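# Reading the structure
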Amino acid sequence: MSSLTQYTPRALASALRHHYKKSLGQNFLIDENITRTIAREVERFSPTHILEIGPGAGALSVAVAKLGLPYVLLEKDDHCADFLEDVFADQPHVSILHADALTAELPAFCFDKAARPLLVSNLPYNVASQIYFRFIDGHVPLCGMVLMFQREVAQRFLAEPGTSSYGILSVIGQFYHEIEAVMDVPPNCFEPAPKVMSTVLRFIPRTITQSTEEEARFRAFVHAAFRQRRKTLVNSLNGFEQKDRAAWAEVLQSHGYEPTIRAENLSRKDFLNLIDL
Ligand code: SAM
């Protein structure tokens, strides 16, 4: 593994300087403190296998590869994928999967119940939530995720009821995961520098006791509740599950909630309680 020590994040990013693609959300990490911290967060989960989405020039990958675990780098961009083949040519535990993370067949270890697969990514911002939901919807049994988002999206994942960031992503994200902030990452840690701050989050899976049908019903309920954010819950829910406003007002009352309550004031547990899950 000694050859990996020659690669600094800055040198890796510079090597691809003439191929940066904004359309693929390419902002490459150039700060080794950040890549090391993320690698440490990965290690804390004690994974047996690692998948990285969007490895780019490989800055984070070099730090994580030093853990020596079987490691798949899933990258859509042709230049990055070719470049990574060279960087990791003499690292038999690392393989490059040149594909689109939204549609690619995931490595078999992601579904191996005997393994502890982990997802790490400095996510391409334009498809970050879609990639998160791909893993949720596919019920991929990961032991955890360490993901970097635009700070504004990270704040939505972390938000508490009654705050302006609180919404669908908060309720549904917190249903599936215990979510913790690891650190904020300023624009000058990337090349090219993005316009916004980024935040690294840890996702620890929660045990889901609901059936797949109940899960789908819960998610549909949360979507319906936030459909018209400024309206009261009974107005937003009007028509959901064939119940009109009056019927929903009765449901609220029977569960001890005020009829004027809004979705943004309800916790994940309140949502589950209201539809008896
Ligand atoms: N991991 C690198 C780092 O931290 O320096 C690069 C992160 S950059 C924010 C996002 C990366 O995701 C880019 O390398 C980009 O080409 C890749 N990417 C964008 N869309 C993708 C997709 N649909 N599937 C796989 N990779 C994608």
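Residues numbered from 1 in each chain as written. Predicted model: local features only at pLDDT ≥ 70, side-chain atom pairs only at ≥ 80, totals over all residues. Heavy atoms only, no water.

## Quick notes on the nonpolar core
In summary, soluble globular proteins display a tendency toward joint burial of nonpolar side chains. F149 and F271 are the most contacted members of the largest nonpolar core, which has 56 residues in total. In terms of residue count, helix α5 (residues 128-137) provides more of this core than any other element does, six residues in total. Both domains that furnish three or more residues to this core are identified here as domain 1 (2-205) and domain 2 (212-274). Each residue touching F271, except ones within four places of it in the same chain, is listed here: Y166, V171, F218, F221, V222, A225, F226, A263 and L266. Listed in part, the 41 residues of the second largest apolar core include L29, V62, A81 and L118. (Core = buried A, V, L, I, M, F, W, Y, C linked by side-chain atoms within 4.5 Å. Buried < 20%, exposed > 50% of the residue type's maximum accessible area, 1.4 Å probe, protein only. Helix = DSSP H or I, 4+ residues; strand = E, 2+ residues; numbered from the N terminus. Domains from an automatic or database assignment. Contact = heavy atoms within 4.5 Å.)

## Topic: the packing of aromatic side chains
All chains considered together, the criterion is met by 15 aromatic pairs. Between F175 and Y176, the ring centres sit 4.8 Å apart and the planes meet at 85°, which makes this aromatic pair edge-to-face. In this structure, F175 and Y176 share a single accessibility class: buried. Above the plane of the ring of W248 lies K243, whose end atom (NZ or CZ) is 4.9 Å from the centre. (Phe/Tyr/Trp six-rings, centres within 6.5 Å; stacked < 30°, edge-to-face > 60°. Lys NZ or Arg CZ within 6 Å of the ring centre and 35° of its normal.)

## Quick notes on the layout of surface pockets
Here the largest pocket is characterised by a volume of approximately 430 Å³. Contributions of two or more residues to the lining of the largest pocket are made by β1 (28-29), β2 (49-53), α3 (59-65) and β3 (71-75). Quantified by volume, the second largest pocket comes out at close to 300 Å³. The wall of the second largest pocket is formed by 14 residues, among which H139, V140, P141, Y176 and P205 lie closest to the centre. Of all elements in the fold, only α5 and β6 (144-150) reach the threshold of two or more residues within the lining of the second largest pocket. Residue composition of the lining of the second largest pocket, grouped by class: nine nonpolar, three polar and two charged. (1 Å grid on protein atoms, 1.4 Å probe; cavity = no way out; pocket = protein on both sides within 12 Å on 5 of 7 lines; lining within 4 Å. Points joined across faces, edges and corners; volume = space filled by probe spheres on them. Nonpolar A, V, L, I, M, F, W, Y, C, P; charged D, E, K, R; others polar.)

## Re the sheet that holds β2
One open sheet holds the seven strands; their spatial order is β4-β3-β2-β5-β6-β9-β7, and the pairing between them is mixed. Only two strands of the sheet have a single partner each, and these edge strands are β4 (94-98) and β7 (177-185). The average undirected angle you get between the axes of adjacent strands in this sheet is 20°. The strands touched by helix α4 (residues 78-87) within the sheet are β3 and β4, with β4 carrying the most contacts at an inclination of about 160°. Running over the sheet, helix α7 (residues 168-176) touches β7 and β9 (198-205) and is turned about 115° from β7. (Pairing = 2+ DSSP bridges. Axes fitted to C-alpha atoms, helices over the stretch in contact; angles between N-to-C directions.)

## Quick word on the site of the ligand
In the vicinity of the ligand lie 20 residues, with L29, G54, E75, A101 and N122 positioned nearest. K76 places a main-chain nitrogen or oxygen 3.4 Å from a nitrogen atom of the ligand. D100 places a polar side-chain atom, nitrogen or oxygen, 2.8 Å from a nitrogen atom of the ligand. In isolation the ligand has 600 Å² of accessible area, and contact with the protein removes 99% of it. Mapping the ligand onto the cavity grids shows that it belongs to the largest pocket. Looking at the shell around the ligand, the elements that each hand over two or more residues are β1 and β3. In terms of residue class, the shell around the ligand is built from nine nonpolar, six polar and five charged. (Near = heavy atom within 4 Å. Polar contact = N/O pair within 3.5 Å; in protein donor to acceptor, adjacent residues only side chain to side chain. Areas by Shrake-Rupley, 256 points an atom, 1.4 Å probe, with all protein chains shown as cover. Sits in = over half its atoms within 2 Å of the grid points.)

## Topic: the pattern of salt bridges
A full pass over the atoms with the stated rule returns ten salt bridges. Close ionic contact of D100 with K76 constitutes a salt bridge, the shortest N to O distance being 3.4 Å. Taken together, the residues span a long stretch of sequence, with D100 in the loop between β4 and β5 (117-122) and K76 in the loop between β3 and α4 at a distance of 24 residues. Here D100 falls in the partly exposed class, since its relative accessible area comes to 25%. What makes K76 partly exposed here is its relative accessible area of 44%. (Salt bridge = Lys/Arg side-chain N within 4 Å of Asp/Glu carboxyl O.)

## Observations concerning the domain arrangement of the protein
One can read the domain layout of the protein as domain 1 (2-205) and domain 2 (212-274). Averaged C-alpha coordinates put domain 1 and domain 2 at centres separated by 34 Å. With 16 residues of domain 1 at the contact, the number on the domain 2 side is 16 residues. Among the residues domain 1 hides against domain 2, the three largest losses belong to Y166, I168 and F175. Together they make up 39% of the total. Ionic pairing is found between D137 and R219, a salt bridge with its closest N-O pair at 2.9 Å. On inspection of domain 1 and its partner domain 2, the count reaches eight residue pairs in polar contact (both at pLDDT 80 or more). Counting residues per element, the ones that place at least two in the side of domain 1 that touches domain 2 are α5 and α7. In terms of residues, the side of domain 1 that touches domain 2 owes the most to one element, α7, which gives six residues. (Buried area = accessible area lost by both parts, 1.4 Å probe.)

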